[in-house]
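This is what each chain is made of:
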Amino acid sequence: MHLIQQQFSVSYEFPVCFTRDALAPENMALRDILAGAGEFTHKVQPVIDSQVLADHPDLLDKLELYGNVHGDIIAFEDPFIVRGGEVCKNDPAEVEEFFRLTQDRKICRHSFVLVIGGGSVIDAVGYAAAVSHRGIRLIRMPTTVLGQNDAGIGVKNAINFRNRKNYLGTFATPFAVINDFDFLPSLSERDRRAGMAEAVKIALIRDGEFFNWLEQNAQQLAAFEEAAVEKLIIRCAELHLRHIATSGDPFERGSARPLDFGHWSAHQLEEISHASADHKDLRHGEAVAIGIALDCHYAHAVNLINAETLARIITCLQGIGFQLYHPALDQLDVGRALASFREHLGGELCITLLTSVGRAREMNEINVEIMSNCVEQLRAYKK
Ligand SMILES: NC(=O)c1ccc[n+]([C@@H]2O[C@H](COP(=O)([O-])OP(=O)(O)OC[C@H]3O[C@@H](n4cnc5c(N)ncnc54)[C@H](O)[C@@H]3O)[C@@H](O)[C@H]2O)c1
Ligand SMILES: [Zn+2]
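What counts and how
Residues numbered from 1 in each chain as written. Chains lettered and ligands numbered in written order. Predicted model: local features only at pLDDT ≥ 70, side-chain atom pairs only at ≥ 80, totals over all residues. Heavy atoms only, no water. Patch = residues over 30% accessible without salt bridge, like charges linked within 9 Å, V, L, I, M, F, W, Y side chains within 5 Å. Areas by Shrake-Rupley, 256 points an atom, 1.4 Å probe, with all protein chains shown as cover. Salt bridge = Lys/Arg side-chain N within 4 Å of Asp/Glu carboxyl O. Buried < 20%, exposed > 50% of the residue type's maximum accessible area, 1.4 Å probe, protein only. Helix = DSSP H or I, 4+ residues; strand = E, 2+ residues; numbered from the N terminus. Contact = heavy atoms within 4.5 Å. Expected span 1.5 Å × (residues − 1). Near = heavy atom within 4 Å. Polar contact = N/O pair within 3.5 Å; in protein donor to acceptor, adjacent residues only side chain to side chain. Nonpolar A, V, L, I, M, F, W, Y, C, P; charged D, E, K, R; others polar. Lys, Arg positive; Asp, Glu negative; His and termini not counted. 1 Å grid on protein atoms, 1.4 Å probe; cavity = no way out; pocket = protein on both sides within 12 Å on 5 of 7 lines; lining within 4 Å. Points joined across faces, edges and corners; volume = space filled by probe spheres on them.

There is a patch of nonpolar side chains on the surface, built from F8, V10 and Y12 and spanning about 370 Å² of accessible area. Its relative accessible area of 49% is what places Y12 among the partly exposed residues.

So, in structure tokens, the structure goes:
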């Protein structure tokens, strides 16, 4: 045998900035990011979420003006508009159109894609960009709470395949992220709230003080008070970014997925609701809130957390305005869902459960009967 042990490492770095009115000509964030890649004119393909455009009809004019003012650095292609929401992950039409369009327009590895939209559009376009030419540089401009505090700042992208959430995807770091708070006011109440579930998630597993703050500010968050929502986004983003940078497993090679706390059932609930005509649009964040409640009931049932801690968590979720029962729960087959999650992890089951507020641990076994009882307990939250 002749063996050559290959080894190299690559370090990753990208800025995540928080700003307002990112496309005002005097806002230098986008210009500076592109100028950082070289002081010459960069070809940039904008891709825009259709709902964002509908709610911000001046967006195309703003892009054009920004491109004109900063023409020494930026040359925008005609924007490509994609359907907003989970549909662009469920139906590959836009991803295929992206391949055609970037090929026809000769968008290459020296060009950029600027994606402006919710987590779904960011996921789908991120996937399309990552596999085109083995990776076109991507600048993300997330326009939802969840996009700005989680989906848009991480290292993953995906589309769904045969109703399997995130079946096709890659790990690919963005070139840069620009979080523009001025996009948020047009979001529906449901979508604004949904993104807060990821903040509760990461606070519970990583930062007890942040959870205390969420608890104390649940009312302000439920009322979408700007200062509270922005603080939530920045802290949640910081915690996600820190986890990715310091967990030792940014590309999730091991089975432990603490950031997927509450997600094993959430993904199933989303799949069930997408497949059903009656309750089609359970949002990812709404499903995560239910998933967190379920796993906390289980943690209490197996004596990992006490009744008081469970009550605090449920009160906080409800205080922010989450419904903790959804008809999709009636169709949740716990045994099958856990088996499917195990398969997704690649063999060994690894479920993150709380041991206290701010602390979690990985469990390799879940008692299906106890978990099914916990699903029953969630029915008590039916309104
Ligand atoms: N890649 C990751 O690491 C990661 C992490 C978490 C979640 N996700 C994925 O993110 C997706 C959910 O993202 P989301 O919560 O942002 O929802 P979303 O992208 O599905 O958007 C929800 C709705 O809001 C619209 N919208 C977006 N921005 C708007 C704005 N500023 N004003 C008005 N309407 C706007 C969209 O068009 C859509 O109709 C799920 O598919 C989930 O799996 C990915
Ligand atoms: Zn999530």
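Relative to the helices and strands, N166 resides in strand β8 (residues 164-171). Considering only alpha carbons, one finds N166 and G335, 169 residues apart in sequence, at a separation of 20 Å. Not counting the four nearest positions on each side in its chain, N166 is found in contact with K89, D123, A158, I159, N160 and H267.

Residue pairs spaced three or four apart in an α-helix point in one direction, given the helix's 3.6 residues per turn. In this model helix α12 (residues 226-246) runs 30 Å from its N-terminal to its C-terminal C-alpha over 21 residues, within 8% of the 30 Å that 1.5 Å per residue would give. For α12, the complete set of buried residues consists of A228, V229, E230, L232, I233, C236, A237, L239, H240, H243 and I244. Immediately beyond the C-terminal end of α12, within one or two residues, lies G248, with a positive phi of roughly 85 degrees.

What follows covers the site of ligand 1. Taken together, 25 residues lie around ligand 1, and D49, E86, S120, T144 and S186 are the ones closest in. Within the side chain of T144, an N or O atom sits 2.5 Å from an oxygen atom of ligand 1. The fraction of the free accessible surface of ligand 1 (870 Å²) that becomes covered by protein chains is 91%. Sort the elements by how many residues they give to the shell around ligand 1 and helix α7 (residues 145-151) lands first, with four residues. Here the residues of the shell around ligand 1 sort into five nonpolar, 11 polar and nine charged.

Glycine aside, residues mostly have negative phi, and peptide bonds are mostly found in the trans state. In the Ramachandran plot, D21 falls in the positive-phi region, its phi being about 45 degrees despite a non-glycine side chain. Relative to the elements of secondary structure, D21 occurs in the loop between β1 (16-19) and α1 (29-35). By relative accessible area, which is 30% here, D21 ends up partly exposed.

Attention now goes to the side chain of R140. With respect to the secondary-structure elements, R140 resides in strand β6 (residues 137-142). Despite its burial, R140 pairs with no opposite charge, the nearest such side chain being D123 at 6.8 Å. Only 2.9 Å separates the side chain of R140 from the backbone oxygen of G154, close enough to count as a polar contact. Discounting residues that sit within four places of it in the chain, R140 has contacts with V115, I122, A151, G152, I153, G154, K156, A172, P174, A176, V177 and I178.

Evaluation of the coordinates by the stated rule reveals two cavities of 30 Å³ or more. Its volume calculated, the largest cavity comes out at about 50 Å³. As for the largest cavity, its lining consists of F80, V82, C88, E94, V95, F98, A124, V125 and A128. Only β4 (80-82), α5 (93-104) and α6 (119-131) provide two or more residues apiece to the lining of the largest cavity. Residues belonging to the lining of the largest cavity are distributed by class as follows: eight nonpolar, no polar and one charged. The calculated volume of the second largest cavity comes to roughly 40 Å³. In terms of lining residues, the second largest cavity is bounded by R257, D260, F261, G262, W264, D295, F341, C350, I351 and T352. By residue class, the composition of the lining of the second largest cavity is five nonpolar, two polar and three charged.

Everything listed here is a matter of coordinates, which is why it stays silent on function.
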